[in-house]
Amino acid sequence: MSELTLAGQELALAGQVVELVGRLGGASAQVEATVSRAELALTRFANSAIHQNVAESAVEVRLRIHLDGRTVAASSTTVDPDGLRGLVERVLAAVRFAPRDPAWPGLAPPAPVASSRWDAATAQAGPHDRAALVRAFVDAAEGLETAGYCRTAFRSVAFANSAGQAVQGHTAEAAMDGIARAGGVDGTARDCAERLADLDAAALGRRAAAKARAATDPVELPPGRYPVVLEPAAVADLLENLAWYGFNGKRYAEGQSFAEPGVAQFDPAVTLVDDPFDAAGLPFDLEGTPTGALPLVDAGLTRTVVHDRRSAAAVGGESTGHAWEGASTVGPIPRNLRLVAAGATTTSGPAGTAPVTSDAATGTAAGGGAVGSLAGAVADADTAALVSRMPRGLLVSDLWYTRVLDPKSLVITGLTRNGVWLVEDGQVTRAVRDLRFTESYPRALGPGAVVEVGRRTARQPNRWDGARWEAPSLALASWNFTGGASG
């Protein structure tokens, strides 16, 4: 690893790139330089044994230049003087042939950002640290076949531009996602945290195993609208799609989003906040704009969507600090979206708290879940409370393979997975085969549609580090199931 990547030298390197563009391109060039150092590691397991451990360490310089009304961006992983000069020369040559960019919003002005918080032990975690969590997960499944991953990530990011903004931040994350299999069906459990030490792998393994055992011998149900209790993993899919298609500033500016700021589009029980600080995220975005907690929905009232500088300029607004690598193509999105728990204004309980299962027949919590019974269908006491007040409906663990049919109204089709159960008179009575659904997510969360919101949130890791979805369980009045998993 070069010395440029050590001891917080990313900011100095970003400044060097900006200075080099000024020398080679002239004072009229508007410049953004982002230097990122990433330490990413993944330990994967299948058939209850680790089969892959990979790690990468990389430094990337991303450069964007606006000159003579044209804009070009490029990146490089070569950070020695010759590599940086080559990157600058290539971008300066390309910008002279680029199309005009009349929507260029200008550079972020100098502004202070908050301090980062990150866990050094997680940033420096090795394969043995992750392997210990895998072992705990596998052992807790008590003989069931298991598979999944444990990952750790650390990023040090610096930004500088020719307008005088210069900031640096760090972020670390740990995540685990695993399944246990019994009788051809899977149970799942996942979590993410700022500290690897806060992941309780044994609790996750027990939860996955209990759900798998409770999901055996499922029955087929006819399609139709059913009341549902969605567990946090299922709610996370709602949040992710709302983020990509609803609260996306580019889609909003183009008239492709359902969002109508100032309108009560959601049930009063729904409050949505995007909060990178809650996830120990970076205090600035890819354009150097400071970030912070941003309420998107307040007690059912849509307040705003998220913006980078370009989408904000298109609607006459201001950036909310949501520029990222894909924003120029797909638009800015909230990547740390939280559905606030009932009666709460902060995040979930202490990380690493062991989950409990519940006997839905009595509504009382029982540690670990009972083997060979339906007790393990309910992952925690909070969900059990919602189930106990449902006359008849379905308990849904997870949604997947979701695809958008109508972006404007956000009608989505997809499948359930990792466990569905029939609830009758507040009791889980039978496991149910997976179902296909077609549902408008805003409608499902609309005024009068939310029966109850759980009181404790759970964090769900995203496919890539730096993004997460956090939510409690939700009881919804209606969910449109259109068929079995086969059609």
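The coordinates are above.
Because the structure is a prediction, the values reported are computed rather than measured.

> Quick question: what am I supposed to make of the overall build of the chain here?
Scanning the chain from N- to C-terminus turns up 11 helices and 21 strands. In terms of overall dimensions, the chain is globule-like: its C-alpha atoms have a radius of gyration of 24 Å, near the 23 Å expected for 487 residues. Projected onto its principal axes, the C-alpha positions of the chain cover 75 × 50 × 40 Å. In the chain, buried positions account for 55% of the 487 residues. The long-range share in the chain, meaning contacts at least 24 apart out of those at least 6 apart in sequence, stands at 71%. When the accessible surface of the chain is split by element, carbon and sulfur atoms take 52% of a total near 19200 Å². Here the chain contributes 44 positive and 53 negative side-chain charges, whose respective centroids are spaced 3 Å apart.

> I would appreciate a short explanation of the environment of Val54 in the present structure.
By the element assignment, Val54 lies in strand E2 (residues 49–67). A relative accessible area of 36% places Val54 in the partly exposed class. Separated by 150 residues in the primary sequence, Val54 and Leu204 place their C-alpha atoms 22 Å from one another. The residues contacting Val54, other than those within four sequence positions of it, are Leu40, Ala41 and Leu42.

> Explain the pairing of strand E11 (residues 336–339) here, please?
A regular strand carries its side chains on alternate faces of the sheet. A two-sided burial pattern is seen for E11, the buried positions comprising Asn336 and Arg338 on one face and Leu337 and Leu339 on the other. As paired strands, strand E8 (residues 272–274) and E11 are joined by 3 bridges and run antiparallel to one another. Note that in E11 the partner of Leu272 across the bridge is Leu339. For E11 and strand E20 (residues 468–471), the ladder comprises 3 bridges, and the chain directions are parallel.

> What am I meant to see in the side chain of Thr34 here?
Following the sequence through the fold, Thr34 ends up in strand E1 (residues 30–46). Among all residues touching Thr34, those that are not within four sequence positions of it are Glu60, Val61, Arg62, Val157, Ala158, Phe159 and Leu286.

> Explain empty space enclosed by the protein here, please?
A water-sized probe, rolled over the atoms, reveals where empty space remains. What the rule picks out here adds up to 2 cavities of 30 Å³ or more. Going through the elements one at a time, E1 and E2 are the ones with two or more residues in the lining of the largest cavity. A per-class count over the lining of the largest cavity returns 1 nonpolar, 2 polar and 3 charged.

> Would you mind going over helix H5 (residues 201–214) with me for this structure?
Quick reminder: α-helices carry 3.6 residues per turn. Residues three or four places apart thus point the same way. The end-to-end C-alpha distance of H5 is 20 Å, a good match for the 20 Å that 14 residues give at a rise of 1.5 Å each. Counting buried positions along H5 gives 11 out of 14 residues, so the element sits mostly inside the fold. Looking at H5, one finds that the buried residues are Ala201, Ala203, Leu204, Gly205, Ala208, Ala209, Ala210, Lys211, Ala212, Arg213 and Ala214.

> Any chance you could explain the sheet that holds strand E4 (residues 145–161) here in plain terms?
The pairing of strands in a sheet comes from backbone hydrogen bonds and takes either a parallel or an antiparallel form. In spatial order, the strands read E3-E2-E1-E4-E5-E6; together these 6 strands make up an open sheet with antiparallel pairing. The open sheet has two edge strands with one neighbour each: strand E3 (70–76) and strand E6 (185–193). Within this sheet the neighbouring strands show an average axis-to-axis angle of 15°, counted without direction. Bridge analysis of E1 against E2 gives 17 bridges, and the strand direction is antiparallel. Within E2, the position partnered with Gln30 by the bridge is His66.

> Would you mind going over the layout of surface pockets with me for this structure?
Size it by volume and the largest pocket reaches roughly 1000 Å³. Listing elements by their share of the lining of the largest pocket, those giving two or more residues are E4, strand E5 (166–182), E6, helix H6 (232–246), strand E14 (392–406), strand E15 (411–424) and strand E19 (458–461). Taken together, the residues of the lining of the largest pocket sort by class into 19 nonpolar, 9 polar and 13 charged. Quantified by volume, the second largest pocket comes out at close to 820 Å³. Taken together, 42 residues make up the lining of the second largest pocket; nearest its centre are Arg155, Leu282, Glu325, Arg335 and Gly466. Here the lining of the second largest pocket takes 5 residues from E1, the largest share from any one element.

> What should I look at first to understand the sheet that holds E19 in this one?
Here 6 strands make up an open sheet; going across it, the order is E10-E9-E8-E11-E20-E19 and the pairing mixed. Strands with a single pairing partner mark the edges of an open sheet, and in this sheet they are strand E10 (301–302) and E19. On top of the sheet, H6 reaches E8, E11, E19 and E20; it is set at about 125° to E20, its chief contact.

> I keep staring at the state of the cysteines and nothing clicks. Help me out?
By definition, a disulfide links two cysteine residues through a covalent bond between their sulfur atoms. Applying the stated criterion to the full structure yields 0 disulfides. No disulfide involves Cys150; its sulfur sits 12 Å from the nearest other cysteine sulfur, which is in Cys192. Using a relative accessible area of 0% as the deciding quantity, one classes Cys150 as buried. Given the relative accessible area of 2%, Cys192 is considered buried.

> Would you explain the environment of Phe437 in this entry?
With respect to the helices and strands, the residue Phe437 is situated in strand E17 (residues 435–440). Considering only alpha carbons, one finds Phe437 and Thr416, 21 residues apart in sequence, at a separation of 7.9 Å. Discounting chain neighbours no more than four positions away, the residues touching Phe437 are Leu399, Thr402, Ile412, Thr413, Gly414, Leu415, Trp479, Asn480, Phe481 and Thr482.

About the criteria used
By convention here, each chain's residues receive numbers from 1 onward along its written sequence. Two thresholds apply to this predicted model, a pLDDT of at least 70 for residue-level local features and 80 or more for giving and counting side-chain atom pairs, whereas whole-chain, interface and lining totals are computed over all residues. The basis for every side-chain value is the complete set of heavy atoms in the structure, and neither hydrogens nor water enter the calculation. Here a strand is any run of E in DSSP of at least two residues, a helix any run of H or I of at least four, and the numbering for each starts at the N terminus. The size measure is the radius of gyration over C-alpha atoms, and the globule rule it meets is 2.2 Å times the number of residues to the 0.38 power. Throughout, exposure labels follow a simple rule: accessible area from a 1.4 Å probe, protein chains only, divided by the maximum for the residue type, with under 20% read as buried, over 50% as exposed, and the rest as partly exposed. Note on definitions: a residue-residue contact is assigned when non-hydrogen atoms from the two residues lie within 4.5 Å. A 1.4 Å probe and the Shrake-Rupley method give the accessible areas. Residues count as covered only by the protein chains that appear here. Charge counting treats Lys and Arg as positive and Asp and Glu as negative, with His and both chain ends excluded. Note that the charge is assigned to NZ on lysines, CZ on arginines, CG on aspartates and CD on glutamates. Strand pairing follows a simple DSSP-based rule, namely that at least 2 bridges must link the two strands. Within this scheme a cavity is a closed region of a 1 Å grid, computed over the protein atoms alone, that accommodates a 1.4 Å probe without allowing it to escape, whereas a pocket is open but has protein on both sides within 12 Å along at least five of seven lines; lining residues each have an atom within 4 Å of a point. Grid points are joined across faces, edges and corners, and a volume is the space filled by probe spheres set on the points. The residue classification treats Ala, Val, Leu, Ile, Met, Phe, Trp, Tyr, Cys and Pro as nonpolar and Asp, Glu, Lys and Arg as charged. All others, Gly included, are polar. Between the first and last residue of a helix there are one fewer steps than residues, each counted as 1.5 Å, and that sum is the expected span. To get an axis, fit a line to the C-alpha atoms, keeping to the stretch in contact for a helix; angles then go from 0 to 180 degrees between the N-to-C directions. Pairs of cysteine sulfur atoms within 2.5 Å are what we label disulfides.

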